[in-house]
Amino acid sequence: MKKDIISIIIILLLGGLLFYISTDGFRIYTIEAERVESLKNEKPDFPDVDVVDNKGRAYPFDEFEGKYILMTFIYTSCETACPMMEANMKEVYDTFDAGAYSDDLVFLSTSFDTERDTVEVLDRYAEYFNADGDTWRMLRVPEASDLDTVLDTYGVTVIPEGDADYQHNTSFYLLGPDGGLVEVLDYRDIDGAVQTLDKYVGEAAS
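Residues numbered from 1 in each chain as written. Predicted model: local features only at pLDDT ≥ 70, side-chain atom pairs only at ≥ 80, totals over all residues. Heavy atoms only, no water.

1. Remarks on the overall build of the chain
Point 1. Helix and strand content of the chain: 6 helices and 9 strands.
Point 2. For the chain, long-range pairs separated by at least 24 residues make up 69% of all intrachain contacts whose partners lie at least 6 apart in sequence. (Helix = DSSP H or I, 4+ residues; strand = E, 2+ residues; numbered from the N terminus. Contact = heavy atoms within 4.5 Å.)

2. Concerning the environment of D146
Point 1. Relative to the helices and strands, D146 is located in helix α5 (residues 144–153).
Point 2. For D146 and V51, which are 95 residues apart along the polypeptide, the C-alpha to C-alpha distance reads 8.9 Å.
Point 3. If near-sequence neighbours (up to four positions away) are discounted, D146 is found in contact with V49, D50 and V141.

3. Thoughts on the pattern of salt bridges
Point 1. Across all of its chains, the model carries 7 salt bridges by this definition.
Point 2. Of the charged contacts in the structure, one is a salt bridge between D53 and R137, with a shortest N-O distance of 3.7 Å. Here the residue D53 occupies a position in strand β1 (residues 50–53), and R137 occupies one in strand β5 (residues 136–140), the gap between them amounting to 84 residues.
Point 3. For D53, a relative accessible area of 0% corresponds to the buried category.
Point 4. Residue classification places R137 among the buried residues on the basis of a relative accessible area of 13%.
Point 5. Salt bridges sharing common partners tie together D53, R57, D134 and R137. (Salt bridge = Lys/Arg side-chain N within 4 Å of Asp/Glu carboxyl O. Buried < 20%, exposed > 50% of the residue type's maximum accessible area, 1.4 Å probe, protein only.)

4. As for the layout of surface pockets
Point 1. Roughly 150 Å³ of volume is contained in the second largest pocket.
Point 2. In terms of lining residues, the second largest pocket is bounded by F112, T114, A144, L147, D148, L151, V156, T157, V158, P160 and Y166.
Point 3. Listed by contribution, the elements that provide at least two residues to the lining of the second largest pocket are α5 and β6 (158–161).
Point 4. No other element matches the 4 residues that α5 contributes to the lining of the second largest pocket.
Point 5. Its residues assigned to classes, the lining of the second largest pocket comprises 8 nonpolar, 2 polar and 1 charged. (1 Å grid on protein atoms, 1.4 Å probe; cavity = no way out; pocket = protein on both sides within 12 Å on 5 of 7 lines; lining within 4 Å. Points joined across faces, edges and corners; volume = space filled by probe spheres on them. Nonpolar A, V, L, I, M, F, W, Y, C, P; charged D, E, K, R; others polar.)

5. Observations regarding the confidence of the model for the chain
Point 1. For the chain, the average pLDDT comes to 84, and 76% of its residues sit at 70 or higher.
Point 2. Scored below 50 in pLDDT, residues 15–29 shows 12 contacts in the model against residues more than four places distant or in partner chains. (pLDDT = per-residue confidence, 0-100.)

6. Some thoughts on the state of the cysteines
Point 1. Enumeration over the complete set of coordinates arrives at 0 disulfides.
Point 2. Summary of cysteine pairing: C78 is not part of a disulfide, and the nearest cysteine sulfur, belonging to C82, is at 3.3 Å. (Disulfide = S-S within 2.5 Å.)

7. Regarding the nonpolar core
Point 1. Ranked by internal contacts, the top residues of the largest apolar core, which has 55 residues, are F61 and F107.
Point 2. For this core, the element with the highest residue contribution is helix α3 (residues 81–96), accounting for 7 residues.
Point 3. Beyond its immediate stretch of four places on either side in the chain, F61 contacts F46, P47, V49, V51, M71, L108, L139, Y154 and L175. (Core = buried A, V, L, I, M, F, W, Y, C linked by side-chain atoms within 4.5 Å.)

8. Looking at the sheet that holds strand β3 (residues 68–74)
Point 1. Read from one edge of the open sheet, 7 strands run β2-β1-β5-β4-β3-β8-β9, paired in mixed fashion. The sheet is open, and its two edges are formed by β2 (58–60) and β9 (181–186), each paired on a single side. Averaged over neighbouring strand pairs, the angle between their axes works out to 30 degrees when direction is ignored.
Point 2. Contacts between α3 and the sheet are confined to β3, β4 (105–111), β5 and β8 (171–175), with β3 contributing the most and set at about 160 degrees to the helix. (Pairing = 2+ DSSP bridges. Axes fitted to C-alpha atoms, helices over the stretch in contact; angles between N-to-C directions.)

Quick look at the structure:
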């Protein structure tokens with residue numbers, strides 16, 4: 001009996017050690033987390049795509065090169081996670097006083113519903129959250145292949161569900177001035193997002 005207990009303990013310890021090693025210290029424990037970790041290490045460049053913002057301005061995505069970007073991926077007809085995520089984005093924007101860091105930071109809310117989220121729809125959505133269209137912009141990616149490139153670059157999964165709904169990632173994505181993925185943040189943790197912005201943007205601006 002005693003030998004059996006010792007054997008079980010040894011198996012559990014070895015299993016835990018193997019799991020620790022294979023998950024890079026328990027940090028990678030799902031395929032999604034592993035993908036995000038890989039993207040953070042690879043530091044991908046800005047995707048070579050064109051976007052249109054809620055003011056109807058068209059430009060390449062690398063228009064934002066040289067600035068940190070706090071970005072969400074949304075669709076405006078979402079009635080659950082997206083409004084909450086954008087409301088929290090607003091809280092982060094106000095708490096961090098993002099407007100005071102316009103030379104170093106921009107907030108982007110990028111729609112993946114290109115069929116329904118026209119410029120006019122995005123502008124109304126921006127007004128709802130008091131996004132000014134400059135330091136916080138709502139974006140659409142007109143070309144489907146370009147949208148796929150953006151989603152793939154930052155590890156975002158979007159799965160259509162029915163006629164007008166989607167399953168998708170709900171996070172804050174912090175991109176560096178070179179377009180690389182710096183952090184993926186819990187959108188529910190407003191204080192944590194503010195602290196992360198202070199760590200990167202606040203120090204860069206000081």
